[in-house]
Amino acid sequence: GMQQEAMEAWDASGVHCVFVNAGEESNDVTTILKRLAHRTYCGELMRPALTCASNPADIEAARHDGRHCYYRVTNGVPLPRACQSVPEGLSLVRVFAQLGARMMHLTYNRANTIGAGCAETHDAGLTDFGQAAIAEMNRVGVIPDVAHSGQKTGLEAARCSARPVVASHTTCAALAEHIRAKGDDVLRAIADSGGVIGVVMFQAFLKGSYDLAAVLDQVGHVVKTVGIDHVAIGSDTPHMVRAPASDPPALRSPRQRQPWRAFWPADAFTLPAGLPPEAASSLSWTNFPFITVGLVSRGFTDSDIRKIMGGNILRVARQTWEQRDA
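These remarks concern the structure in this document. (Residues numbered from 1 in each chain as written. Predicted model: local features only at pLDDT ≥ 70, side-chain atom pairs only at ≥ 80, totals over all residues. Heavy atoms only, no water.)

**Describing the overall build of the protein chain**
Here is the rule: Only runs of H or I of at least four residues qualify as helices and only runs of E of at least two qualify as strands under DSSP, and these elements are numbered from the N terminus. Throughout, exposure labels follow a simple rule: accessible area from a 1.4 Å probe, protein chains only, divided by the maximum for the residue type, with under 20% read as buried, over 50% as exposed, and the rest as partly exposed. Each accessible area is a Shrake-Rupley result for a 1.4 Å probe, and residues are judged covered by the shown protein chains and nothing else.
Across its full length, the protein chain holds 11 helices and nine strands. Within the span of the protein chain, comprising 326 residues, buried residues form 50% of the whole. Counting every atom, the protein chain has about 15600 Å² of accessible surface; 54% of that belongs to carbon and sulfur.

**Some points on the packing of aromatic side chains**
Cut-off, in case you're wondering: Between the rings of Phe, Tyr and Trp (Trp by its six-membered ring), a pair exists once the centres lie within 6.5 Å; its type follows the angle of the planes, with under 30 degrees stacked, over 60 edge-to-face, and the other angles tilted. Note on criteria: charge over ring means Lys NZ or Arg CZ within 6 Å of the ring centre, with the direction from the centre no more than 35 degrees off the ring normal.
Per the counting criterion, the structure on display carries two aromatic pairs. Between the aromatic rings of Phe202 and Phe205, the centroid separation amounts to 5.1 Å while the plane-to-plane angle is 70°, which identifies the pairing as edge-to-face. Residue Phe202 is classed as partly exposed on the basis of its relative accessible area of 29%. Stacked on the ring of Trp321, the Lys or Arg Arg324 has its end atom at 3.7 Å from the ring centre.

**Let's talk about the packing of helix 5 (residues 91–98) against helix 6 (residues 128–140)**
Note the threshold: Axes here mean lines fitted to C-alpha atoms, for a helix over just the part in contact, with angles spanning 0 to 180 degrees between N-to-C directions. By definition, any crossing whose near helix is turned counterclockwise from its far helix by less than a right angle is left-handed, and any crossing with a clockwise turn is right-handed. The contact definition used throughout considers only heavy atoms, calling two residues in contact when any of these lie within 4.5 Å. Under the convention adopted here, Pro, Cys and the residues Ala, Val, Leu, Ile, Met, Phe, Trp and Tyr are nonpolar, Asp, Glu, Lys and Arg are charged, and Gly plus all remaining residues are polar.
The interhelical angle for the contact between helix 5 and helix 6, taken along N-to-C directions, is 30°, at an axis separation of 10 Å. Note that helix 5 runs across helix 6; the crossing there is right-handed. Where helix 5 approaches helix 6, its residues Val93, Arg94 and Ala97 are matched on the opposing element by Glu136, Met137, Arg139 and Val140. Tallied by class, residues from the contact of helix 5 with helix 6 come to four nonpolar, no polar and three charged.

**Let's talk about the pairing of strand 6 (residues 167–172)**
Selection criterion: Pairs of strands are assigned from DSSP output, requiring at least two bridges between the strands.
A large share of strand 6 lies buried, amounting to six of its six residues. With two bridges joining them, strand 6 and strand 8 (residues 197–199) adopt parallel strand pairing. The residue of strand 8 that forms the bridge with Ala167 is Ile197. Relative to strand 7 (residues 181–182), strand 6 runs parallel, the two sharing two bridges. Paired with Thr171 across the two strands is Ala181, which belongs to strand 7.

**Section: the layout of surface pockets**
Leftover empty space is mapped by rolling, across the atoms, a probe with the size of a water molecule. The criterion, for reference: For cavity detection a 1 Å grid was placed over the protein atoms alone, and a set of points counts as a cavity when a 1.4 Å probe fits there but cannot get out; an open set counts as a pocket when protein lies on both sides within 12 Å along at least five of seven lines, with lining residues being those that have an atom within 4 Å of a point. Grid points are joined across faces, edges and corners, and a volume is the space filled by probe spheres set on the points.
There is about 240 Å³ of room inside the second largest pocket. Classifying every residue of the lining of the second largest pocket by side-chain character gives five nonpolar, four polar and two charged.

**A look at the pattern of salt bridges**
The cut-off we apply is this: Note on definitions: salt bridges are taken to be side-chain nitrogens of Lys or Arg within 4 Å of carboxyl oxygens of Asp or Glu.
Under the counting rule described, the total for this entry stands at eight salt bridges. Measuring nitrogen to oxygen at the nearest pair gives 3.8 Å for the salt bridge that ties Arg35 to Glu24. Of this pair, Arg35 sits in helix 2 (residues 29–45) while Glu24 sits in the loop between strand 1 (17–21) and helix 2, and the two are 11 residues apart along the sequence. The closest approach of N and O atoms between Arg139 and Glu136, which form a salt bridge, is 2.9 Å. Taken together, the residues Arg139 and Glu136, both in helix 6 and three residues apart, mark about one turn of the helix.

**Considering the sheet that holds strand 2 (residues 50–52)**
If you trace the three strands from one edge of the open sheet to the other, you get 1-3-2, paired in parallel fashion. Looking along the sheet, the strands with just one partner apiece sit at the ends: strand 1 and strand 2. Averaged over all neighbouring strand pairs, the angle between strand axes comes to 35°, with direction disregarded. Bridge count between strand 2 and strand 3 (residues 68–73): three bridges; the pairing is parallel. Its bridge partner being in strand 3, Cys52 is matched across the sheet by Tyr70. Together, strand 1, strand 2 and strand 3 form the strand contacts of helix 1 (residues 2–13), whose direction differs from that of strand 3 by roughly 95°. Across the face of the sheet, helix 3 (residues 56–65) comes into contact with strand 1, strand 2 and strand 3 while running at roughly 160° to strand 3.

So, in structure tokens, the structure goes:
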């Protein structure tokens, strides 16, 4: 039943491929490996309705055949605990690429050995090791993602990369200031790299707007600033499948301290009075047809809409994959 509901949602969305987070917000190898394995296994359980795409050609084949697939990405670059040399420190990037990871966050919210995350008070930018990490990602065909990186880190990453860099799910600071938003200079650097800015559909980053107008405004600003070839939709909000009523309630989780990796300054976002809690995820990717309608209403051409709704990020995936050296 849950699988049927999930696939019905996919059919309704018109989406043929989603980029699935298959690695936790960490650089710890075991942590990322466990999540990657879990996501891969869950995908295999949903065959033949859902398949795992290992390269852009698989995505295009799924689109041609009307099938659904997913592309695996991680929320961190896997780094060994001991790093006596740069090659040793980056040796696992190629391994995880071979396991199917096609895009990796350079940082999450905090700083690491690659650069500063978006929650750091002081954004020190990209480190020397971070430059080497991007070069290795370029070499093995992994897309660098600066969605959770600081402004300076994202700017320097985009400028030093030989392949496209993306901010997979973000917003424009010019329209709504938020710690996860990107300034216009970062948007331009990403575009200059050949990359893409994915407009998020998470209301906290859109300053509490509960309609698609805010998403469309963000798309319009990216297009005005860097052009139609560098914008996509990076929803960051999944469709939540309801568990059967017969299932036992989940065990209550013990009280935990707030994890450092997830910390950022207090967010002023609250649900307006009278709206149900599920409104916070109402703009999930299953509402893509409404985005298409909205883009039409804003005057975008069919060609423009194809780029926004998948063509641009597919181009980045194809370029990164085809130009890899290993």
